[in-house]
Amino acid sequence: QVQLVESGGGLVQPGGSLRLSCAASGIILSLYAMGWYRQAPGKQRELVASITGGGSTNYADSVKGRFTISRDNAKNTVYLQMNSLKPEDTAVYYCNADRAATWGRRNYWGQGTQVTVSS
């Protein structure tokens, strides 16, 4: 079966950095657009960054210039490099895989990893 496993979260001080990883199994990663979402307590889940199979990226305005999404298809892994972290970045971060032209029938989520930015 399909499995996405996030790792790399933790507690960091404002201005610090973290790199999240999402290891995928059961899918051919190159066929999927990948995204990182986050959800803070009491707030809706929001898309933070996405990357297509061709390597095109998009970012939420709130993280532009600070976060970088990348993928390594050979390792079936997607990354989110987070720099200059702010307290408002605190959330559970989720990895998502979405296969084109499946109309939501090939869409998968990881279990999430907690990122806490606090002094």
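Because the structure is predicted, anything quoted here is derived from the model rather than measured.

A. Representation of the overall build of the protein in the model. Across its full length, the protein holds 0 helices and 11 strands. Tracing the protein from N to C terminus, the helices and strands come up as β-β-β-β-β-β-β-β-β-β-β. Relative to its length of 119 residues, the protein is compact, with a C-alpha radius of gyration of 14 Å against a globular reference of 14 Å. Dimensions of the protein, computed from the C-alpha atoms along their principal axes, are close to 40 × 25 × 25 Å. Taking all 119 residues of the protein together, the buried fraction comes to 39%. Contacts in the protein between residues at least 24 apart in sequence constitute 56% of all its contacts with a sequence separation of at least 6. Side-chain charges of the protein comprise 12 positive and 7 negative groups, with the mean position of each set lying 5 Å from the other.

B. Inspection of the state of the cysteines at higher detail. Under the criterion given, the structure shown has 1 disulfide. In this model, Cys 22 is linked to Cys 95 through a disulfide, with the two sulfur atoms separated by 2.0 Å. The sign of the S-S torsion, about -80 degrees, decides the handedness of the disulfide formed by Cys 22 and Cys 95: left-handed. Placement of Cys 22 in strand 3 (residues 18–25) and of Cys 95 in strand 9 (residues 91–99) is noted, with a sequence separation of 73 residues between them. Accessibility expressed as a relative area gives 1% for Cys 22, which makes it buried.

C. Structural context of unusual backbone geometry. The backbone phi angle of Asn 76 is positive, close to 50 degrees, even though this residue is not glycine. You can see Asn 76 is positioned in the loop between strand 7 (67–72) and strand 8 (77–82). Among the residues examined, Asn 76 registers a relative accessible area of 18% and is labelled buried. Notably, Trp 103 is not glycine yet its phi reads approximately 50 degrees, a positive angle. In this fold, Trp 103 is placed in the loop between strand 9 and strand 10 (107–109).

Rules of the game
Residues numbered from 1 in each chain as written. Predicted model: local features only at pLDDT ≥ 70, side-chain atom pairs only at ≥ 80, totals over all residues. Heavy atoms only, no water. Helix = DSSP H or I, 4+ residues; strand = E, 2+ residues; numbered from the N terminus. Rg over C-alpha atoms; globule rule 2.2 N^0.38 Å. Buried < 20%, exposed > 50% of the residue type's maximum accessible area, 1.4 Å probe, protein only. Contact = heavy atoms within 4.5 Å. Lys, Arg positive; Asp, Glu negative; His and termini not counted. Charge placed at Lys NZ, Arg CZ, Asp CG, Glu CD. Disulfide = S-S within 2.5 Å.

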